[in-house]
Amino acid sequence: MLATGAGELIRGRSGLGTVSSKSTSTDLVTEVDRATEQWLLERIATDRPDDAVLGEEGADRSGRSGIRWVVDPVDGTVNFVLGLPSYAVSVAAERDGEVVAGAVCDVVSGAVYCATVGAGAWRDDQSGSHRLTGPRVVPLDRAVVGTGFNYDRGVRERQGQVAAQLLPRIADIRRIGSAALDLCALAAGRLDAYYEAGLNRWDAAAGALIATEAGCVVSGLRGRGWGKHLTAAAGPELAPEFFAELERLGADDVGAE
């Protein structure tokens, strides 16, 4: 599996190499990010030469098969740089624009979350393979909600205002630092809901499918699909109230597009 192999590659590296910034001073990239994406590109080119590829670190190769691979070599690079154990490799396959398969490798633990359309979501770890069935059923005021914040200071300020207004309405907020792992945590029942503005396709393609196949509702707001404006997810019982609260707070109107 591509995600597993890339995770092993990262664990086998010694040191970060050069660390630089991209869109802002807090949007970090390392030599490991770039080397891992290159490894993924080479594997895909060898095994699936007609497929397209989109990657966080600049890969944007066209294809003619109707399949596109969407890869994030290190989702949670800031955590990786700081030594915080929450970063992942995310690999998804799209057919004609629809995500049909995805895998997320939690690099530190080695656990792999995966899903294909219609076949459920699974976590494979040292104890075996476990089917994921989504979060517990709780009312909004008992929900533990995952979120993340943008690299742009102005967007982040507005996101903080939304979070401050949401916090009295829920039980608590968690900020893991990896959208892929947030969505997998929701699928595994470790979070009750999740939302974040400003995600790119590679951040959430695999995780969104995994959460969906675990029985969660993954969407944008106001009739839109999930995307850069907002990605929101919860179990089917909580989703209507949670999404309505996000709409009331304007969580999709923070300037993240």
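Note that the structure is predicted; figures quoted are calculated from it, not measured.

Here is what the cut-offs are and how they apply
Residues numbered from 1 in each chain as written. Predicted model: local features only at pLDDT ≥ 70, side-chain atom pairs only at ≥ 80, totals over all residues. Heavy atoms only, no water. Helix = DSSP H or I, 4+ residues; strand = E, 2+ residues; numbered from the N terminus. Rg over C-alpha atoms; globule rule 2.2 N^0.38 Å. Buried < 20%, exposed > 50% of the residue type's maximum accessible area, 1.4 Å probe, protein only. Contact = heavy atoms within 4.5 Å. Phe/Tyr/Trp six-rings, centres within 6.5 Å; stacked < 30°, edge-to-face > 60°. Core = buried A, V, L, I, M, F, W, Y, C linked by side-chain atoms within 4.5 Å. Pairing = 2+ DSSP bridges.

Caption draft 1: Here's a closer look at the overall build of the chain. When you go through the chain residue by residue, the secondary structure sums to seven helices and 15 strands. Radius of gyration (C-alpha) of the chain: 17 Å, near the 18 Å computed for a compact globule of 257 residues. Considered along the principal axes of its C-alpha atoms, the chain spans approximately 50 × 40 × 35 Å. Within the chain, the proportion of its 257 residues that are buried is 53%. Considering only intrachain contacts with a sequence separation of at least 6, the fraction spanning at least 24 residues in the chain is 57%.

Caption draft 2: Expanded view of the packing of aromatic side chains. A complete count under the given rule lists three aromatic pairs for this structure. The interplanar angle of 70 degrees and the centroid separation of 6.3 Å between the aromatic rings of Y195 and F242 together place this pair among those described as edge-to-face. Separated by 47 residues along the polypeptide, Y195 in strand β13 (residues 193–196) and F242 in helix α7 (residues 239–249) bring together distant segments of the chain. For F242, a relative accessible area of 0% corresponds to the buried category. Each ring, one from F242 and one from F243, has its centre 6.1 Å from the other, and the planes form 45 degrees; the classification is tilted. Cluster of aromatic residues (ring-pair linked, three or more members): Y195, F242 and F243.

Caption draft 3: Spatial organisation of the nonpolar core. Formed by 26 residues in total, the largest nonpolar core has its most connected members in V145, L166, Y195, L230, L238, F242 and L246. Not counting residues within four places of it along the chain, the set of residues in contact with F242 comprises L140, V145, L166, A193, Y194, Y195, A233 and A234. In terms of nonpolar packing, the next biggest core, distinct from the first, is built from 24 residues, V32, L40, V53 and Y87 among them.

Caption draft 4: Structural view of the pairing of strand β5 (residues 67–75). Buried residues dominate β5, accounting for eight of its nine residues. Pairing of strand β3 (residues 52–55) with β5, which is carried by four bridges, proceeds in the parallel orientation. Directly across from V53, in β5, lies its bridge partner W69.

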